[in-house]
Amino acid sequence: MELDEAQRIIYQTAKRFAAQHILPQARERAEDESFPLEVMRLLAEAGLYGGPFPEQYGGAGIDNVSYALVCEAIGGASPSVFTSALTVQLSLVGTSIYAYGNEEQRRRWLPQVLSGRLVGAFALSEPNVGSDPAAVELTARRENGCWRLTGSKFWTSNGALADVIVVFAQTEPGARHRGMAAFLVDGNSPGLTRQPIKGKLGLHASNLAALYFDGVLVDDDRLLGQVGEGFRVAQAALESGRLSTAACAVGIAQTCLDLCLEYARERKQWGKPIGGHQLVQELLADMAIECEAARLLTLRAARARDSGEGATRWVAMAKAFATEAAVRAARNAIAVHGGAGYLSERLVEGYLRDAIGLSLYEGTTQIQKLLVARDLLGISAF
C-alpha cells in the first residue's frame, strides 16, 4: 500500500517527535509510573494531535491512515503514552462525543479534548463486566430531572486524572444493550471516588483507576445520544480504539526489529557478529515478515474506515494479528539480545510487557477472532 506525500510527512514528523520528546523519558516514566500530561499539549503544538476529526471541532482533519501512522510512531516509542494520549483520549473519548454527541456537546467538549486541554477517560469495564459490555451493572436512575449513577468501574485508563469521563450505565436492569446509556461525567463530581490501580505488568506510565459512583448526579445535557444507544456508542469507540491499538502494536514490532538489527551487527560471538548466525537471522526474518504483514493489515483496516465500507472485520483482524505479532517480536527481541535483553536498560523487556497489555484491552485476541468469524459466517457466538 503506497502512502501519499502528506501521509509520509506526518509519519516522519511523528517519528521525530517521538525520538525527541518521548524516548528520552520512557524509562524514567516507566519506573515512577507517571504519565507526562505535557506530552498531549506538545503533540498538539507539533500538529500531531486532533486525529481524524473535523477541524471545526478542533480536530486535525486527517484520514485514518495518517492517524494510524501517528499511532505507530508514538506507540513504537512508548505504548504507555500512546494508550493515554491517543487511544483513550482520541479514539475512545473523542469518537464517543463526535459520533453520538449533539452539536452543543461537540462544540463544548471536542475542542478541549482534541487539544489535550482536558483529559478524558472511558469507563466501560466493571469488576464483573469485561468482554460482555452489555452486562454493565452500574445503574442510572431518573431522579428530579437528572440521572443518579450508582456502581463501580474498573480498568479505566486515565481514570484517576481525567477531567471528563465517558461512563456507561444501565437504565433498566436486565435489559442489557436495550437499556444502556452513555454519559459525560465530570472527574470531580461529588460522590465519585477514584482509586489508582498499581502493580501492572506493563504500560506503567499510563494511568489506570477504579471508579466508585455513590449516587453521582448527572444532568440531561450530559447524555450522549439516547437512552438505549449506549452499546452503540461503546462499539463505535472500540472499533476506532482497536485500529489505533493495532497501529501501536506495529510500532512495537518495528522498534523491536530496529533494536535487534543494530544489536545483531555490533554484538560478536564466535568471532563474528551474531547477525551472521543462521538462527539469529531466522528470528530477525520472522520479526520483519510479521511486522510488515501487521502494518499492511492495519493500513487496510484504516482505508476501509476512510472509504466508508464495513471495517469491523478488517479492524478485528488487524488488532488480533498485530498485537500478537508485537508480543512475538518482543519475545524474539529478548532472545536476540540474550541476557542483555533481560535488563531494563535495553528496553525490549518492557516492550514485551506492554505488548501483552495491548493484546488484552479494547477486546482480547479471542474476542477479535469471534468478531471475524461472525462476519464470515453470519453466525454469532455471543
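Residues numbered from 1 in each chain as written. Predicted model: local features only at pLDDT ≥ 70, side-chain atom pairs only at ≥ 80, totals over all residues. Heavy atoms only, no water.

Draft legend 1. Region of interest: the overall build of the protein chain. Of regular secondary structure, the protein chain possesses ten helices and ten strands. Over its C-alpha trace the protein chain gives a radius of gyration of 21 Å, about what one expects of a compact globule, namely 21 Å for 382 residues. Based on the C-alpha atoms only, the size of the protein chain along its principal axes is roughly 80 × 45 × 40 Å. The buried share of the protein chain, taken over its 382 residues, is 54%. (Helix = DSSP H or I, 4+ residues; strand = E, 2+ residues; numbered from the N terminus. Rg over C-alpha atoms; globule rule 2.2 N^0.38 Å. Buried < 20%, exposed > 50% of the residue type's maximum accessible area, 1.4 Å probe, protein only.)

Draft legend 2. Examining the pattern of salt bridges more closely. Counting across every chain of the model gives 15 salt bridges. Its salt-bridge partner being E126, residue K153 comes within 2.8 Å of it at the nearest N-O pair. One end of the pair, K153, is in strand β3 (residues 146-157); the other, E126, is in the loop between β1 (120-123) and β2 (139-143), with 27 residues separating them in the sequence. On the accessibility criterion, K153 (1% relative accessible area) is buried. Note that E239 and R305 form a salt bridge whose closest N and O atoms lie 2.8 Å from each other. Residue E239 is located in helix α6 (residues 230-266), and its partner R305 is located in helix α7 (residues 278-307); the two are separated by 66 residues in the primary sequence. (Salt bridge = Lys/Arg side-chain N within 4 Å of Asp/Glu carboxyl O.)

Draft legend 3. Region of interest: the pairing of β1. Neither face of β1 is open: one carries G120 and F122, the other A121 and A123, and all of them are buried. As paired strands, β1 and strand β4 (residues 164-170) are joined by four bridges and run parallel to one another. Within the sheet, the bridge partner assigned to A123 lies in β4 and is V167. (Pairing = 2+ DSSP bridges.)

Draft legend 4. Spatial organisation of a nonpolar patch on the surface. The grouping of L201, I356 and L360 at the surface amounts to a nonpolar patch, some 270 Å² of accessible area in total. With respect to the helices and strands, the residue L360 is situated in the loop between α9 (348-358) and α10 (365-377). Given the relative accessible area of 53%, L360 is considered exposed. (Patch = residues over 30% accessible without salt bridge, like charges linked within 9 Å, V, L, I, M, F, W, Y side chains within 5 Å. Areas by Shrake-Rupley, 256 points an atom, 1.4 Å probe, with all protein chains shown as cover.)

Draft legend 5. Structural view of the state of the cysteines. One pass over the full model with this rule turns up zero disulfides. There is no disulfide at C256, and the cysteine sulfur nearest it, in C260, is 6.5 Å away. A relative accessible area of 0% means that C256 is categorised as buried. (Disulfide = S-S within 2.5 Å.)

Draft legend 6. Broad picture of the packing of helix α8 (residues 312-337) against α10. Where α8 contacts α10, the axes come no closer than 8 Å and their chain directions differ by 145°. The element α8 and its partner α10 pack so that their crossing is left-handed. Together, R313, A316, M317, K319, A320, T323 and E324 of α8 and T365, Q368, L371, V372, D375 and L376 of α10 make up the contact between the two elements. Residue composition of the contact of α8 with α10, grouped by class: six nonpolar, three polar and four charged. (Axes fitted to C-alpha atoms, helices over the stretch in contact; angles between N-to-C directions. Left-handed = near helix turned anticlockwise from the far one by under 90°. Contact = heavy atoms within 4.5 Å. Nonpolar A, V, L, I, M, F, W, Y, C, P; charged D, E, K, R; others polar.)

Draft legend 7. Representation of the environment of P273 within the structure. Positionally, P273 belongs in strand β10 (residues 272-273). P273 sits in the partly exposed class, given a relative accessible area of 30%. Put simply, P273 and Y263 are ten residues apart on the chain and 8.9 Å apart in space, counted from C-alpha to C-alpha. Other than its neighbours up to four places away in sequence, P273 contacts A264, R265, R267 and K268.

Draft legend 8. Broad picture of helix α5 (residues 103-114). For α5, which comprises twelve residues, the first-to-last C-alpha distance of 16 Å matches the rise-based estimate of 16 Å (1.5 Å per residue) to within 8%. Regarding α5, the residues found buried are Q105, R106, W109, L110, V113 and L114. Angularly, the buried residues of α5 cover 115° about the axis, an arc narrow enough to put them on a single face. Regarding α5, its N-cap is N102, as a side-chain oxygen of that residue lies 3.2 Å from the backbone nitrogen of E104 further along. Positive backbone phi, at 85°, marks G116, one or two positions downstream of α5. (Expected span 1.5 Å × (residues − 1). Arc of directions from axis to C-beta. Polar contact = N/O pair within 3.5 Å; in protein donor to acceptor, adjacent residues only side chain to side chain.)

Draft legend 9. Region of the structure containing the pairing of strand β7 (residues 208-219). One ladder, built from ten bridges, connects β3 with β7; its direction is antiparallel. Bridge pairing links S157 to L208 in β7. For strand β6 (residues 192-196) and β7, the ladder comprises five bridges, and the chain directions are antiparallel. In the sheet register, R194 faces β7, and the bridge partner there is L211.

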